[in-house]
Amino acid sequence: MSDNRMSLSTPLVFFIFRRVQMTRQVFEVIAQAKPTHLLIIADGPRNSNEALQCAETRAIVEHIDWDCDVKRNYSETNLGLKQRFDSGLDWVFQQVEEAIILEDDCLPDPSFFGFCQEMLAFYRDEPRVMHISGDYFHAPFSIRESYYFSRYPHIWGWATWRRAWLNYDSDLNDWALESTQKDFLEQFPNPAERHFWKHTFDAVRAGTINMWDYQWVFACIANDGLSINPRVNLISNIGFGDEATHTKTVDRRVANLETQKLPFPITHPKALLPNKYLDAKTVKLFFSEPSRLRRMLSRIRTMIRSIVINS
C-alpha cells in the first residue's frame, strides 16, 4: 500500500461506546480508507440515560456503502473499559492474525492506515516488534527514516499481531513474582521511572487502576518488545473532556494534536534498536513522578474551576 488512496485490506478494529459526534468524525475517515474487513466493538450503557446515546452511536456504523466484511461484537450490558478491551481484542485475535485498532476519539490522518498496513506486513515474522503506533508526541526532531523504534507502546491508534497479543495478561499475574519485579525494574536507570512502574503495576494488581493499557505496556517491555512510532503525528486524540472515562482533564501537551501526512514510500531504520533520545523524552512526558504530579495538579485546578463556576 503505497498511499492512502488504495483500499485497506488489513482488518480494522473500531471501538465505540456513546460519543456520537466523535464516532461520526472518526468513522468518516475510516469510510475513506474503505477497509475490506471491519470489526466493530461496542460497550453497553451504564444507565438508562446512556441507552439512547449508545443506540445513536451504533447507528452511525450501520451505514457501510463499500464492499466490506463486517463483524460486530456488541455488549448489551456495560462491561467497563478494561473488560470491554480485554474481551474485545481477545475476540478479534481469535479471528484474525493482525489488525489496526482505533477508538472513537482517535482521529487519524488517512496515511495512518497505509503506514500500519505496510509495517504489519514488513515485520510480520519479526517477534521482537510487537506494536505499531500512530502517535508522535515530541517537538520536531530530525529522523531520516519514516519511523523509529521505542520500548514504549502508545495506544491512540495502533496495530499489532496475534503473536504479540498472546503475551497480554489482564491480571498481571507475573508481576506478583518478586523475581519478575526485580528483573523488570532493573531495566530502568531512572529512579523516578522505576517508582512510576512499581506504583502503577502494584495498583493494577490491587484493582485500584481499572485500565487495560498498562498491562499491554508491561507485556511489550517484559518481552523486550519494540514499538514502531512514526516520524510525524498521525493521530489526534479528540476525546479529552467531561465525556471521557479517564482523560477528563485536557492535557494540552498531548490533546488535540495536529496530524500530518506521512510521505511514502516508507524508509526503514537500519537496526532494531530503540531511539534512546526520544524514549528519554517519552519518560519525562509520561512515565516519571514529575509528569504524574503535573497531571494531578491539572486535575485539581480543573476541580477548583468547576467549584467556582457552579458556586
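Right, let's walk through the structure included here. Small disclaimer: the values here were computed from a predicted structure and weren't measured. (Residues numbered from 1 in each chain as written. Predicted model: local features only at pLDDT ≥ 70, side-chain atom pairs only at ≥ 80, totals over all residues. Heavy atoms only, no water.)

Check the secondary structure of the protein chain and you find 10 helices and 10 strands. The 311 residues of the protein chain split such that 53% are buried. (Helix = DSSP H or I, 4+ residues; strand = E, 2+ residues; numbered from the N terminus. Buried < 20%, exposed > 50% of the residue type's maximum accessible area, 1.4 Å probe, protein only.)

Quick look at unusual backbone geometry now. Of note, the bond from Phe264 into Pro265 is cis; its omega dihedral lies within 30 degrees of zero at 5°. Among the structural elements, Pro265 can be located in the loop between β10 (235–237) and α9 (276–286). Despite not being glycine, Lys34 has its phi angle at roughly 50°, a positive value. Along the chain, the position of Lys34 falls in the loop between α1 (20–33) and β2 (37–42).

To continue, consider the packing of helix α7 (residues 191–206) against helix α8 (residues 213–222). Viewed as axis vectors pointing N to C, α7 and α8 meet at an angle of 125°, and their least axial separation amounts to 10 Å. Considering their axes alone, α7 and α8 lie oblique with respect to each other. For the pair α7 and α8, the crossing hand works out as left-handed. Packed against α7, whose contacting residues are Phe196, Trp197, Thr200, Phe201 and Val204, the element α8 presents Tyr214, Gln215, Val217 and Phe218 at the interface. Its residues placed into classes, the contact of α7 with α8 shows seven nonpolar, two polar and no charged. (Axes fitted to C-alpha atoms, helices over the stretch in contact; angles between N-to-C directions. Parallel < 35°, antiparallel > 145°, perpendicular 65-115°, else oblique. Left-handed = near helix turned anticlockwise from the far one by under 90°. Contact = heavy atoms within 4.5 Å. Nonpolar A, V, L, I, M, F, W, Y, C, P; charged D, E, K, R; others polar.)

Val92, Leu102, Trp197 and Trp216 are the most contacted members of the largest nonpolar core, which has 87 residues in total. With seven residues, the top contributor of residues to this core is α8. Look past the residues within four positions of Trp197 in its chain and what remains in contact with it is Tyr152, Trp175, Phe184, Leu185, Phe188, Tyr214, Val217 and Phe287. (Core = buried A, V, L, I, M, F, W, Y, C linked by side-chain atoms within 4.5 Å.)

Across the sheet, which stays open at both edges, the eight strands sit in the order β3-β2-β1-β4-β8-β6-β9-β7 with mixed pairing between neighbours. The two strands at the open ends of the sheet, each matched to only one other strand, are β3 (69–74) and β7 (147–150). Each neighbouring strand pair of the sheet contributes to a mean axis angle of 25°, computed without reference to strand direction. Where strand β1 (residues 12–16) and β2 come together, five bridges link them in parallel fashion. Paired with Ile16 across the strands is Ala42, a residue of β2. Each of β1, β4 (98–103), β6 (129–133), β7, β8 (158–161) and β9 (226–230) touches helix α4 (residues 111–122); the most contacted strand, β4, lies at about 150° to it. (Pairing = 2+ DSSP bridges.)

All right, on to the pairing of β1 then. Of all five residues that make up β1, five are buried, and the element is covered over most of its length. Because side chains alternate across β1, one face comprises the buried residues Leu12, Phe14 and Ile16, and the other comprises Val13 and Phe15, equally buried. What joins β1 to β2 is α1, and the crossover it makes is right-handed. Where β1 lies against β4, four bridges are found, and the strand directions are parallel. In the sheet register, Val13 faces β4, and the bridge partner there is Ile101. (Right-handed = clockwise from strand over helix to strand, strands pointing away.)

What follows concerns α7. With 16 residues, α7 ought to run about 22 Å at 1.5 Å a step, and its terminal C-alpha atoms sit 22 Å apart, in line with that. Taken together, the buried positions of α7 are Glu193, Phe196, Trp197, Thr200, Phe201, Ala203 and Val204. Down the axis of α7, the buried set is contained in an arc of 155°. They therefore lie on one face. Facing away from the buried side of α7, by more than 90 degrees, are the exposed residues Pro191 and Ala206. The N-cap of α7, judged by a side-chain oxygen 2.8 Å from the amide nitrogen of Ala192 a few residues on, is Asn190. Looking one or two places after α7, you find Gly207, whose phi comes out positive at around 85°. (Expected span 1.5 Å × (residues − 1). Arc of directions from axis to C-beta. Polar contact = N/O pair within 3.5 Å; in protein donor to acceptor, adjacent residues only side chain to side chain.)

Within the secondary structure, Thr282 sits in helix α9. In this structure Thr282 comes out as buried when scored by relative accessible area, which is 0%. Dropping the residues within four chain positions of it, Thr282 is found in contact with His138, Tyr152, His154 and Phe287.

Our focus in this paragraph is the packing of aromatic side chains. Scanning the entire structure with this criterion turns up 34 aromatic pairs. Arranged with centres 5.5 Å apart and planes meeting at 65°, the rings of Phe112 and Phe113 form a pair that is edge-to-face. Across this residue pair, the class does not change: Phe112 and Phe113 are buried. Taking 5.0 Å as the distance between ring centres and 85° as the angle between the ring planes, the aromatic pair formed by Phe196 and Trp197 counts as edge-to-face. One exposure class covers both Phe196 and Trp197, and it is buried. Cation over ring: Arg163 sits above Trp161, and NZ or CZ is 4.1 Å from the ring centre. (Phe/Tyr/Trp six-rings, centres within 6.5 Å; stacked < 30°, edge-to-face > 60°. Lys NZ or Arg CZ within 6 Å of the ring centre and 35° of its normal.)

Using the criterion set out here, one finds 13 salt bridges in the structure. Between Asp104 and Arg19 there is a salt bridge, with its nearest N and O atoms 3.0 Å apart. Of this pair, Asp104 sits in the loop between β4 and β5 (106–108) while Arg19 sits in the loop between β1 and α1; the two residues are 85 residues apart in sequence, bridging distant segments of the chain. Given the relative accessible area of 9%, Arg19 is considered buried. Here Glu186 makes a salt bridge to Lys182, at a shortest N to O gap of 2.7 Å. Overall, Glu186 belongs to the exposed group, its relative accessible area being 55%. When salt bridges that share partners are traced, they join Arg18, Arg46 and Glu50 into one network. (Salt bridge = Lys/Arg side-chain N within 4 Å of Asp/Glu carboxyl O.)

Worth remembering: the numbers are spatial, not functional.
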